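Coordinate analysis (summary)
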Amino acid sequence: MGIHGLNSFLNSTIPDSDGIKTIFVTELTDKVVAVDISIYLYQYSCAIKSSANEIYNADGEVITHIQAILSKALGLIRKKIKPVFVFDGKPPELKRGVADDRTEKKAKAKQGLKSVNKDIYALEVLLQDEPVTIEDIQFHLMTIEKIKVLQDKKISKLKQTTSVTRNQMTNCKELLRILGIPVIESATEADSQCAYLVKNNLAYCVASEDMDILTFGTHKLVRKLSSKNQCELYDLDIILEDLDVTYLQFIDMCILLGCDYTCTIPAVGPKKIYNIIKTYGSIEEFINNDEKVKSGKIKIPSNFDYVGARREFTNPKVVEIDDLSWSIPNYVMLRSTLLEKYGYALDEIDKLTSMLSEGYYSVISGEKTMAEYKKNCSKYINAKKDMITMECDDD
């Protein structure tokens, strides 16, 4: 979920900041990018459910997650980015309330989905008889419109019930390791682990849609890293400078805006929050010295555990890593896994293998030197030119 309204807060408070800008993806060439993968897998599954059903193999097993991880990995590789995929571990204890709430909402959405499906079926039964009169036609048209409304509602419920299982996550990790791409299993949440990689100069930036990556202290966050040639870059150091706050004060602002680790203070919105931190410097000073708090006009909830939340952001549990490395894909295992386990077609596997062995990833993985890669590129370009020339001669 991240920090409530942080992006809007930054855009409205420091609208002309160079700390938030659109860049060309080519600026990330040869750079290590830590990918908070869980959210991308979730978004891909939601997108699939918005337009179609799950993707299945020949045995009827869901392989949407496999298509998602391949799509993301290959998309980054094509952009000459060196990806590191970071997976969530066990959520911290402070997040249990949020996790329980999400589980409850998901259960309600599943019940709602059953009800919607039942309503759709009931309306579809009404359309089985061919319309004869004008009244019949009008009735059919009205029924079809009702079904369309319910279909939209169904998609919404499907998104709410979407989740990636532990077994599916394991499948994704297995495939990435076969591809030779580094995989990190976080001690707790991927957010803090990703930030750790950037803070320790193991990665240039984090790729995620969650804004709380900044709260964990990553120097650079990239959002909207998709198939397009541009993305958004957030530079925390510049943002802090433009806000004129310290990193610890920024954390307190994020806690007041709303995070997964504690509740918020009622009736304290973004503008007030910024003024609070600029005036008092910290949440403690605000609680102890603000007149409205003293008078009871602003009530501090008893379960407002800002100290615990702050601790999660400043001192999270992480897996310490000294180095990252990419290796040559295990092509034999890749072929057998995609063919036998997930039911991919041979021509699809051959295209993937060719892209890995002949494309820029061959340089990243160490399969080819840069000189060998460029030589192959020249051969490919010359072959294409020859084909065009031959086609022109035929004409």
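Here, the structure is the one placed above.
The sections below set out a description of the structure shown in this document.

The rules behind these values
Residues numbered from 1 in each chain as written. Predicted model: local features only at pLDDT ≥ 70, side-chain atom pairs only at ≥ 80, totals over all residues. Heavy atoms only, no water. Phe/Tyr/Trp six-rings, centres within 6.5 Å; stacked < 30°, edge-to-face > 60°. Helix = DSSP H or I, 4+ residues; strand = E, 2+ residues; numbered from the N terminus. Lys NZ or Arg CZ within 6 Å of the ring centre and 35° of its normal. Buried < 20%, exposed > 50% of the residue type's maximum accessible area, 1.4 Å probe, protein only. Pairing = 2+ DSSP bridges. Patch = residues over 30% accessible without salt bridge, like charges linked within 9 Å, V, L, I, M, F, W, Y side chains within 5 Å. Areas by Shrake-Rupley, 256 points an atom, 1.4 Å probe, with all protein chains shown as cover. Salt bridge = Lys/Arg side-chain N within 4 Å of Asp/Glu carboxyl O. Lys, Arg positive; Asp, Glu negative; His and termini not counted. Charge placed at Lys NZ, Arg CZ, Asp CG, Glu CD. Axes fitted to C-alpha atoms, helices over the stretch in contact; angles between N-to-C directions. Contact = heavy atoms within 4.5 Å.

A few points about the packing of aromatic side chains
- For the structure shown, the criterion picks out six aromatic pairs.
- Between Tyr261 and Phe313, the ring centres sit 5.3 Å apart and the planes meet at 70°, which makes this aromatic pair edge-to-face. With Tyr261 in the loop between α10 (247–257) and α11 (270–280) and Phe313 in helix α14 (residues 306–314), the pair connects residues that are 52 residues apart, well separated along the chain.
- An aromatic cluster of three or more residues is present, and its members are Phe216, Tyr261 and Phe313.
- When the ring centre of Tyr40 is taken as reference, the NZ or CZ atom of Lys72 above it lies at 3.8 Å.
- One cation-aromatic arrangement involves Lys173 over Phe87; the distance from NZ or CZ to the ring centre is 5.3 Å.

Thoughts on the pairing of strand β3 (residues 82–87)
- Burial within β3 is extensive, with five of its six residues counted as buried.
- Bridging between strand β2 (residues 32–36) and β3 involves five bridges; their strand directions are parallel. Bridging from a neighbouring strand, Asp36 pairs with Val86 of β3.
- The sheet contact formed by β3 and strand β4 (residues 183–185) spans three bridges and is parallel. Of the residues in β4, the one forming a bridge with Phe85 is Val183.

Notes on a negative patch on the surface
- A contiguous patch of negative charge on the surface is contributed by Asp16, Asp18, Asp237, Glu241 and Asp242.
- Structurally, Glu241 can be placed in helix α9 (residues 236–243).
- Glu241 sits in the exposed class, given a relative accessible area of 63%.

A few points about the pattern of salt bridges
- Per the counting criterion, the structure on display carries eleven salt bridges.
- Among the ionic pairs, Glu284 bridges to Arg310, the shortest N-O distance being 2.7 Å. Pair noted here: Glu284 is in helix α12 (residues 283–289) and Arg310 is in helix α14, with a separation of 26 residues, a long-range link.
- Glu284 gets classed as partly exposed once you look at its relative accessible area, which sits at 24%.
- Each of the salt bridges in this network shares a partner with another, and the network as a whole consists of Lys173, Arg177 and Glu185.

A few points about the sheet that holds strand β6 (residues 220–223)
- Strand order across the open sheet formed by seven strands is β1-β7-β6-β5-β2-β3-β4, with mixed pairing between neighbours. A strand with exactly one partner marks an edge of an open sheet, and here the two such strands are β1 (20–24) and β4. Averaged over all pairs of adjacent strands, the angle between strand axes in this sheet comes to 30°, irrespective of strand direction.
- By the bridge criterion, two bridges tie strand β5 (residues 205–207) to β6 in an arrangement that is parallel. Each residue of the ladder has a partner; that of Ala207, found in β6, is Val222.
- Here α9 sits on the sheet and contacts β1 and β7 (230–235); the angle it forms with β7, its principal contact strand, is near 55°.

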